[in-house]
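Each chain, letter by letter, is given below.
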Amino acid sequence: MKFNKKDLNTLTNIIASRRDIRGNNFINKKISNKKLKIILESALNAPSVGYSQPWKFIVVDDEKKNLVYEHFTKSFDKSKDKFLDKPLYNSLKLEGIKESNINIAVYYKKSTSNVLGQTYMKRTGEYSVVCAILNMWLTARALNIGMGWVSILEPKKINKIFDIDKNEYKFIAYLCFGYAKEFYNEPELKKLKWNKKRKLKDCFLK
């Protein structure tokens, strides 16, 4: 299969329009099972070290969602001490656990045997799961569905909520999916002047 310039432009626009959606931007609209399946199946096309496909997903029910939210609230309060020099931090909305329609916990299934390409770089399996997550993020955006990645969470607490054996699986991400009021024309933290966007020339090691 060959692609043309129009295809490239579409892909470029989807990548550039990807945003991290938070609870103050989700709306009360259900994601169909068909679209959820499209998002999940896009993950299966991600590259994985040694074709190991080590990703595992949990579609979170309401009871577990509430437990994750309670844990997030405590973790966020603790994290405030790390950003005393940035008062803006306290006012940021950094999750959409309850407001989003669907929550998905993503895990890496640890290998019990040798994996091609993972002999010296053990964490390439985890990186493969992150590639799957990016596929989900971009596919959701192409469907005009927002996704937020909640990272102020303690893995051991999340494992306890989902009754996961840490020796068999490693927690990678907690994702929130839902339709959004809007997709900002630029990243929210850039708009709020939390940080500046780097230029390509600044991303090379000298």
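Scroll up for the structure.
Residues numbered from 1 in each chain as written. Predicted model: local features only at pLDDT ≥ 70, side-chain atom pairs only at ≥ 80, totals over all residues. Heavy atoms only, no water.

Turning next to the sheet that holds strand E1 (residues 55–59). Spatially, four strands are ordered E1-E2-E4-E3 in an open sheet, and the strand pairing comes out antiparallel. The outermost strands of the open sheet, each flanked by one partner alone, are E1 and strand E3 (146–150). Taking the axes of each pair of neighbouring strands and ignoring which way they run, one obtains an average angle of 30 degrees across the sheet. Here E3 pairs with strand E4 (residues 169–178) via five bridges, running antiparallel. The partner of Trp149 across the bridge, within E4, is Leu175. (Pairing = 2+ DSSP bridges. Helix = DSSP H or I, 4+ residues; strand = E, 2+ residues; numbered from the N terminus. Axes fitted to C-alpha atoms, helices over the stretch in contact; angles between N-to-C directions.)

By the definition in use, this model includes nine salt bridges. The salt bridge involving Glu126 is made with Arg123; its shortest N-O contact spans 3.5 Å. Taken together, the salt bridges that share partners define one network made up of Lys93, Glu95 and Glu99. (Salt bridge = Lys/Arg side-chain N within 4 Å of Asp/Glu carboxyl O.)

Let us look at a positive patch on the surface. Side chains of Lys74, Lys78, Lys110, Lys156, Lys157, Lys160 and Lys166 sit close together on the surface and give a patch of like positive charge. Counting only elements with at least two residues in the positive patch, the list comes to helix H3 (62–79) and helix H5 (155–162). Of all the elements, H5 adds the most residues to the positive patch, at three residues. With respect to the secondary-structure elements, Lys74 resides in helix H3. (Patch = residues over 30% accessible without salt bridge, like charges linked within 9 Å, V, L, I, M, F, W, Y side chains within 5 Å. Areas by Shrake-Rupley, 256 points an atom, 1.4 Å probe, with all protein chains shown as cover. Lys, Arg positive; Asp, Glu negative; His and termini not counted. Charge placed at Lys NZ, Arg CZ, Asp CG, Glu CD.)

Burial analysis of E4 places nine of its ten residues in the buried class, the great majority of the element. Pairing between strand E2 (residues 102–109) and E4: eight bridges, direction antiparallel. The residue of E4 that forms the bridge with Ala105 is Tyr174. (Buried < 20%, exposed > 50% of the residue type's maximum accessible area, 1.4 Å probe, protein only.)

This paragraph deals with the side chain of Ser79. Here Ser79 shows up in helix H3. A polar atom in the side chain of Ser79 sits 2.7 Å from the backbone oxygen of Phe76. With residues near it in sequence (within four places) discarded, Ser79 still touches Tyr89 and Ile152. (Polar contact = N/O pair within 3.5 Å; in protein donor to acceptor, adjacent residues only side chain to side chain. Contact = heavy atoms within 4.5 Å.)

Right, let's talk about the environment of Asn28 for a bit. Here Asn28 shows up in the loop between helix H1 (5–17) and helix H2 (33–43). Overall, the relative accessible area of 84% leaves Asn28 in the exposed class. Sequence separation between Asn28 and Gly178 is 150 residues, and the spatial gap between their C-alpha atoms is 8.0 Å.

Let us look at the packing of aromatic side chains. Counted under the stated rule, the structure contains seven aromatic pairs. Each ring, one from Phe83 and one from Tyr89, has its centre 4.3 Å from the other, and the planes form 20 degrees; the classification is stacked. For Phe83, a relative accessible area of 31% puts it in the partly exposed group. Between Trp137 and Trp149, the ring centres sit 6.2 Å apart and the planes meet at 55 degrees, which makes this aromatic pair tilted. A residue pair is termed long-range when its members are at least 10 positions apart, and Trp137 in helix H4 (residues 124–142) and Trp149 in strand E3 qualify at twelve residues. A relative accessible area of 11% means that Trp137 is categorised as buried. Judged by its relative accessible area of 21%, Trp149 is partly exposed. Members of the aromatic cluster, connected to one another through ring pairs, are Phe72, Phe76, Phe83, Tyr89 and Trp194. (Phe/Tyr/Trp six-rings, centres within 6.5 Å; stacked < 30°, edge-to-face > 60°.)

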